[in-house]
Amino acid sequence: MAQENKNNYDAKNINVLKGLEAVRKRPAMYIGDISSRGLHHLVNEVVDNSIDEALAGYNDRVLVTINENGSVTVEDRGRGIPVDIHPVEKKSALEIVMTVLHAGGKFDSDSYKVSGGLHGVGISVVNALSEWCLVEVKRDGKLYAQEYERGIPKYDVKEVGTVKGKETGTKVTFMPDSEIFKSTKFKFETLAERMRELAYLNKNVSITIEDKIEEEKEVFHFKGGIKEFVAYLDEHRSPFHKPIYIEGEKDNTPVELAFEYSTAYSDNIFTYVNNINTHEGGTHLSGFRSALTRTLNNYASKNKLIKDTKNKIMLTGDDFREGLTAVLSVKVMEPQFEGQTKTKLGNSEVKSVVETIVNEKLAEYLEENPAVGKKIIEKCVRAAEAREAAKRARELVRRKNVLDSMHLPGKLADCSINDPEHCEVYIVEGDSAGGSAKQGRDRRFQAILPIKGKILNVEKAKINKVLESNEIKTMISAIGAGIGLDFDPEKARYGKIIIMTDADVDGSHIRTLLLTFFYRHMKELVSTGRIYIAQPPLYKIKKGKQENYAFDDDERDRLLARYKTDGAEINEEGIPKGVVISRYKGLGEMNPDQLWDTTMNPETRTMLQVNLESAAAADKIFETLMGDAVEPRREFIERHAKYANIDI
Ligand code: 0RA
């Protein structure tokens, strides 16, 4: 503890200390968790404050830097955190913002704070969870600074220099506390993804992210805003018109919408409230959906675009969303977030705000662009026809009871207890691995479903083709919760669905195909974290009776090093004598006991939980990996080759 600080931190600071202690004791309460996700939330928290300044009209640039020493700096050109002495607390406002929970909010109430959602916990939380933190403020022609250790100021806010002209802004540098976080290493890609998203959502802000360790840098500034976002999301699809952009404001609620249709079959609607991705949708999404269905229906009938035949086709909401890519961004003063992950907008008044604006402006657009209108309606009619065909196909298979969980597929080796909470199913590539897994498992709670090689790529197939695929039908009935619109996660027969494929190129392709299927047709399984990827070992290192497994090259080398003791004889490949390294090419090479010990035993295994950190990024990944265009897929794979796994 710094000397200067001793006298300052007496009785009157007891509440500050208590607050900081609460955050450090239960960090997960404030930032979600203490894994990599929580770590990256720290940066987002600070950046959100800089974006708030931009929303209030005072900031146009944010610089995020991963410094050589592993700390992060976030710098903006906002007003700068106020430094004047608070009349009651007798401390600089800056110190209060940095040390008191929830004091970070703007004092003027008519700005749209990024509050109530995942972030919005205040910058003091970042400070409390940092080994050290330095904040520098440019304001009133002066440069002020204060430093902290685990949230506690080292000295009072002090003037450290002057600044040119009217420059203002805030610069926060912090070192995440390794006593709190499992890992304190920031990942450029993870941060860049959110910065890109924020730059699309805030077209007036330029966001630069730089990694001084890995030497990577990106500048995000999209003057076209969410219109460019939509084009980016559809980069590898084939849109048949330019993005439609709608903007409006009603009852102090600004609404921005951009969307376009492509020849794809899925819909991709991303909704945001105060820059927070509302994964679970809510009232703004409902308003948009109603307006889209109603306006397009009206337009179609007014212009006689649907043939007047005897069995005239009825267009439903789903038909109007096939092939749709949309970004809807609203700003709400006092957002109410609901739902399992608190990402569903609850404010009922927002529905009619969005609905009214979209109804009016979309009708206007269609009047002015009849050629686009006609093409959209044609696409929706084709969707309705396909839906009818799919329904017939589904009825056919349902009659044959294939999708019915009462008739479990023959290939499934089910578990004996039937409480989904405690049951898991391994989806295993190939019959031989399936055989090992069946013998190695704990049959009370572990089920095994072997599948044959490459399943259908659902990204490129119509729904009726998806439902005709045998491997897919087998998975649907084993999981027992239906598919697509009929999917009901409550009915899932297993709490964990574990993908177990070989550690080779084919295995990784099959894994991606499976993930694509779950993402497109059983999305709730992904968003609620029920999909896992098993991690079988890559190597076995054996010496005498002692056997060890290594899950990657680093671990193999560490294990080898143990045998390289003084005097150990080393052969020409650098391997100590008597040590045998075998590389597992496939799961089938492991015997049942080995498979249990290394990969399936809940006590000792490691698994990757697949999570939907950013729905937009996930969509992009699947579209890139599984869509039509070959070149971007190759690039993506090359770019990510150094990562063993993809976080979607
Ligand atoms: C409190 C009040 C005001 C601005 C800020 C905090 C503020 C916080 C952060 C954190 C990072 N960058 C920031 N920029 C500003 C309002 C200032 C005023 O009214 O002048």
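Everything quoted here is computed from the prediction, not taken from an experiment.

Student: Go over the site of the ligand, please, and point to the residues and values.
Tutor: Not every one of the 12 residues close to the ligand is listed here, only the nearest: Asn-49, Glu-53, Asp-76, Arg-79 and Arg-139. At 2.7 Å from a nitrogen atom of the ligand is found a side-chain nitrogen or oxygen belonging to Asp-76. The separation between an oxygen atom of the ligand and a polar side-chain atom of Arg-79 is 3.3 Å. The fraction of the free accessible surface of the ligand (460 Å²) that becomes covered by protein chains is 90%. No other element matches the three residues that helix H3 (residues 36-55) contributes to the shell around the ligand.

Student: Explain the packing of aromatic side chains to me, using residue names and the numbers behind them.
Tutor: Evaluated as defined, the whole model comprises 10 aromatic pairs. Between Tyr-200 and Phe-229, the ring centres sit 4.6 Å apart and the planes meet at 0°, which makes this aromatic pair stacked. Of the two residues, Tyr-200 sits in helix H6 (residues 188-201) while Phe-229 sits in helix H7 (residues 226-233), which places them 29 residues apart along the sequence. We note that Tyr-200, like Phe-229, is buried. Taken together, a centroid distance of 6.1 Å and an interplanar angle of 55° make the contact between Phe-259 and Phe-288 tilted. Within this pair, whereas Phe-259 is found in strand S11 (residues 253-261), its partner Phe-288 is found in helix H8 (residues 283-302), the two being separated by 29 residues in sequence. Assessed through its relative accessible area of 1%, Phe-259 is described here as buried. Here the aromatic residues Tyr-200, Phe-220, Phe-222, Phe-229, Tyr-232 and Tyr-272 are joined through ring pairs into a cluster of three or more. Over the aromatic face of Tyr-155 sits the side chain of Lys-158, whose NZ or CZ is 4.1 Å from the ring centroid. If you follow Arg-556 out to its NZ or CZ, it ends over the ring of Tyr-539, 4.8 Å from the centre.

Student: Break down the sheet that holds strand S23 (residues 579-583) for me, citing the residues and quoting the values.
Tutor: Pairing within the open sheet is antiparallel, and its three strands lie in the order S22-S21-S23. With partners counted over all chains shown, the strands left at the sheet margins are strand S22 (546-550) and S23, one partner each. Each strand axis lies, on average, 20° off the axis of its neighbour in the sheet, ignoring direction. In this sheet, S23 lies alongside strand S21 (residues 539-543) in antiparallel orientation, the contact comprising five bridges. Looking across to S23, one finds that Lys-542 is bridged to Val-580. Packing of helix H16 (residues 553-563) onto the sheet brings it into contact with S21, S22 and S23, and relative to S22 it is tilted by some 150°.

Student: Hey, could you go over the environment of Cys-415 for me, with residue numbers and the actual values?
Tutor: Its place among the elements puts Cys-415 in the loop between helix H10 (370-399) and strand S17 (424-429). Along the primary structure Cys-415 and Ala-447 are separated by 32 residues, whereas in three dimensions their C-alpha atoms are 4.7 Å apart. Once residues within four sequence positions are removed from consideration, Cys-415 is found in contact with Cys-423, Arg-441, Arg-443, Arg-444, Phe-445, Gln-446, Ala-447 and Tyr-494.

Student: Any chance you could break down the nonpolar core for me, citing the residues and the numbers?
Tutor: One broad trend across soluble globular proteins is that nonpolar side chains are buried collectively. Core analysis: the largest hydrophobic core is formed by 60 residues, its most contacted members being Val-43, Val-47, Phe-174 and Met-195. Counting residues per element, this core draws most heavily on H6, which supplies eight residues. Those residues in contact with Val-43 that sit more than four places away from it in its chain are Val-64, Val-72, Val-74, Phe-174, Phe-186, Leu-191 and Met-195.

Student: For the confidence of the model for the protein, give the residues involved together with the corresponding values.
Tutor: Looking at the protein, pLDDT values average 88 and 89% of them are 70 or higher. Overall, residues 114-119 carries pLDDT values under 50, and its contacts beyond four positions in sequence, including any with other chains, amount to 18 contacts. Residue range residues 641-648 is modelled with pLDDT below 50. Its contacts to residues more than four positions away, or to other chains, number 18 contacts.

Student: Can you tell me about the side chain of Asp-502, naming the residues and giving the values?
Tutor: In this structure, Asp-502 sits in the loop between strand S19 (496-500) and helix H14 (505-521). Buried Asp-502, no salt bridge; nearest opposite-charge side chain is Arg-511, N-O distance 9.8 Å. With sequence-adjacent residues up to four places away left out, Asp-502 is seen in contact with Glu-429, Gly-507, Ser-508, Lys-585, Gly-586 and Leu-587.

Student: Let's hear about the packing of helix H13 (residues 470-479) against H14: which residues, and what values?
Tutor: Running from N to C, H13 and H14 cross one another at 55°; their axes reach a closest spacing of 12 Å. Overall, the two elements H13 and H14 adopt an arrangement that is oblique. Like other packed secondary-structure pairs, H13 and H14 cross with a definite hand, here right-handed. Mapping the contact onto sequence places Ile-472, Met-475, Ile-476 and Ile-479 in H13 and Leu-514, Phe-517 and Phe-518 in H14.

Student: Hey, could you go over the pairing of strand S14 (residues 324-330) for me, with residue numbers and the actual values?
Tutor: Every other side chain in a regular strand lies on the same face of the sheet, so the side chains alternate between the two faces. For S14, the tally of buried residues reaches seven of seven residues, placing the bulk of the element in the interior. The alternating pattern of S14 places Leu-324, Ala-326, Leu-328 and Val-330 on one face and Thr-325, Val-327 and Ser-329 on the opposite face, and all of these are buried. With seven bridges connecting them, S11 and S14 associate as antiparallel partners. Opposite Leu-257, over in S14, you have Leu-328 as the bridge partner.

Student: Run through the pairing of strand S4 (residues 142-149), naming residues and quoting values.
Tutor: One ladder, built from eight bridges, connects strand S3 (residues 130-139) with S4; its direction is antiparallel. Paired with Lys-138 across the two strands is Leu-143, which belongs to S4. Connecting S3 to the antiparallel partner S4 that follows it, the hairpin turn spans two residues, and Asp-140 within it adopts a positive phi of roughly 50°. Summarising the sheet, S4 and strand S6 (residues 158-162) pair through four bridges and their orientation is antiparallel. Bridge pairing links Tyr-144 to Glu-159 in S6. Pairing analysis gives two bridges linking S4 to strand S5 (residues 152-153), with the strands arranged antiparallel. The partner of Tyr-148 across the bridge, within S5, is Pro-153. Here S4 folds back onto S5 in antiparallel fashion, the turn holding two residues, of which Arg-150 has a positive phi close to 45°.

Cut-offs and rules
Every chain begins its residue count from 1, and numbering advances along the sequence as written. Only residues with pLDDT of at least 70 are given local features in this predicted model, and only at 80 or more are side-chain atom pairs given and counted; all residues enter the totals for whole chains, interfaces and linings. As a rule here, side-chain values cover all heavy atoms of the structure and leave hydrogens and water aside. For each residue, the test is whether any non-hydrogen atom lies within 4 Å of the molecule or strand; if one does, the residue is near. Polar contact is defined as a pair of N or O atoms within 3.5 Å, subject to the rule that within protein one atom must be able to donate a hydrogen and the other to accept it, and that residues adjacent in sequence are counted only when both atoms are side-chain atoms. The Shrake-Rupley method, run with a 1.4 Å probe sphere, supplies the accessible areas, and residue values consider only the shown protein chains as cover. Helix and strand definitions follow DSSP, with helices as H or I runs of at least four residues and strands as E runs of at least two, each counted in order from the N terminus. Aromatic contacts are taken between Phe, Tyr and Trp rings whose centres are within 6.5 Å, Trp giving its six-membered ring; a plane angle under 30 degrees counts as stacked, one over 60 as edge-to-face, and the others as tilted. When a residue's accessible area, from a 1.4 Å probe over protein chains only, is under 20% of the maximum for its type it is buried; when over 50% it is exposed; and in between it is partly exposed. As a reminder, the over-ring test applies to NZ of lysine and CZ of arginine, requiring each to be within 6 Å of the ring centre and within 35 degrees of the ring normal. Strand pairing requires that DSSP identify at least two bridges connecting the strands. With axes taken as lines fitted to C-alpha atoms, and helix axes fitted only over the stretch in contact, angles between N-to-C directions fall between 0 and 180 degrees. Pairs of residues are marked as contacts when any of their non-hydrogen atoms sit within 4.5 Å. In this text, buried Ala, Val, Leu, Ile, Met, Phe, Trp, Tyr and Cys residues form a nonpolar core when linked through side-chain atoms within 4.5 Å. Per-residue confidence from the predictor is reported as pLDDT, a score between 0 and 100. His is not counted, nor are the chain ends, whereas Lys and Arg count as positive and Asp and Glu as negative. By definition here, a salt bridge exists when the distance from a side-chain nitrogen of Lys or Arg to a carboxyl oxygen of Asp or Glu is within 4 Å. An angle counts as roughly parallel when it lies under 35 degrees, as roughly antiparallel when it exceeds 145, as roughly perpendicular when it falls between 65 and 115, and as oblique in every other case. It is the rotation of the near helix from the far one that decides the hand of a crossing: anticlockwise by less than a right angle makes it left-handed, clockwise makes it right-handed.

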